[in-house]
Amino acid sequence: MLLFRIKLTLLFLYFILEVSTAYSEVLQVDSNFDGKMDQWHHMSDNNKVIKIEYDNNGDSKIDQTDIYEKNKTPLRAKIDRNFDGNIDQVQYYRIDGSLEKIDKDTKFLGKFDRKEIFNLNGRITSIEIDQNHDGKMDGWQTFDDQGKLLNSEYDTDHNGKKDRWEVFDSKKFPVVAKFDTNGDSKPDQFQHFYPSGKLKKVEFDTNLNGQIDRWEFYNEDEKLNRIELDRNHDGKPDMIKQK
C-alpha cells in the first residue's frame with residue numbers, strides 16, 4: 001500500500017503554529033533542504049490546516065494533496081502515484097486519523113478499479129475490483145480480523161451475476177472453488193484442493209439438476225487418476241474409469 005508523507009506532515013504542524021501569523025494563508029516548506037519548496041500548507045484565518053500539497057518527486061508539480069478541513073489529521077489524501085499529473089489513488093480517513101478506505105486506479109487508465117476497506121486496527125477487511133474497467137465491480141474479496149483472505153467472489157463474464165466462488169484456508173490456499181458455467185447463478189462445478197493448494201477433486205453437475213453426476217480425482221502432482229460417473233442420475237456412481 002502506498003502511504004506517502006502523512007507522518008512527516010505532522011512534524012511540521014508544530015512549526016506552523018509557532019511561526020505563522022493569525023491570518024497566514026500558505027506556508028511553503030523545503031522538507032529535504034534541497035533548495036526547492038516541496039510542501040504547501042494552506043491555513044485558515046485561525047491557523048488551522050485546511051490542506052497540504054506535496055511535490056514528492058521533486059519535479060515542481062503537486063502529486064499529493066492531504067485534505068484536513070481544520071481537522072487535526074487528514075480526512076482525505078489524493079495521490080498521483082506515477083507522477084503523470086492525474087490522481088490515481090484517494091485515501092479516506094476516519095476523524096481519529098485511522099485509515100478507512102482506499103480507491104485506486106491500478107492500471108493508470110483514468111478509472112478507479114479497486115476499493116480497499118480497513119477496520120479500526122488498520123487491517124484490510126474487504127476488496128472490490130473492477131477487472132474490465134466498465135465502472136462496475138466484478139470481484140469481491142473478504143478478509144478476517146487479522147487481514148487473512150477468507151473468500152472471494154467474481155463475475156467473470158461481466159453480466160452482473162456472480163459465477164465463481166472461492167474459499168481459502170489460513171495459509172491463503174484455496175479449499176474449494178465453485179463455478180456457474182451456464183449463467184443461472186447456481187454453481188454446477190466444484191473444485192476441491194489439497195492443503196498444498198493443488199487440485200484434488202472436481203465435481204460436475206452435467207445435467208444441471210442440482211446433483212453431482214461426475215467426479216474427477218487427482219493425485220498430489222495434479223494428474224488425473226480416476227473418473228466416476230452417475231449415468232442414470234440417481235446420485236450413485238455406476239461407472240469408474242481408472243487412469
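Here the structure is a predicted model, which is why all the values come from computation and not from measurement.

Scoring rules and cut-offs
Residues numbered from 1 in each chain as written. Predicted model: local features only at pLDDT ≥ 70, side-chain atom pairs only at ≥ 80, totals over all residues. Heavy atoms only, no water. Helix = DSSP H or I, 4+ residues; strand = E, 2+ residues; numbered from the N terminus. Rg over C-alpha atoms; globule rule 2.2 N^0.38 Å. Buried < 20%, exposed > 50% of the residue type's maximum accessible area, 1.4 Å probe, protein only. Contact = heavy atoms within 4.5 Å. Polar contact = N/O pair within 3.5 Å; in protein donor to acceptor, adjacent residues only side chain to side chain. Core = buried A, V, L, I, M, F, W, Y, C linked by side-chain atoms within 4.5 Å.

## Focus on the overall build of the protein
Scanning the protein from N- to C-terminus turns up one helix and 18 strands. The C-alpha atoms of the protein give 26 Å as radius of gyration, which overshoots the globular expectation for 243 residues (18 Å, by more than 25%). With the C-alpha coordinates aligned to their principal axes, the bounding extent of the protein is approximately 90 × 30 × 30 Å. The burial tally for the protein puts 40% of its 243 residues in the buried class.

## A few points about the environment of T156
Mapped onto the elements, T156 comes out in the loop between β11 (149–154) and β12 (164–168). C-alpha of T156 to C-alpha of L224: the two residues are 68 residues apart in sequence and 26 Å apart in space. In this view, T156 contacts D163 and R164; residues no more than four positions away in its chain are not counted. Reaching out from T156, the side chain makes a polar contact with the side chain of D163 at a distance of 2.9 Å.

## Digging into the nonpolar core
Residues A77, Y93, L99, I102, F118, I124, I127, I129, F143, L149 and F168 constitute the largest nonpolar core, which totals eleven residues. Ranked by residues supplied to this core, first place goes to strand β9 (residues 124–129) with three residues. Setting aside chain neighbours within four positions, we find L149 in contact with Q141, T142, F143, F168 and D169. Judged by nonpolar contacts, the second largest core, of six residues, contains A177, F193, V202 and F204.

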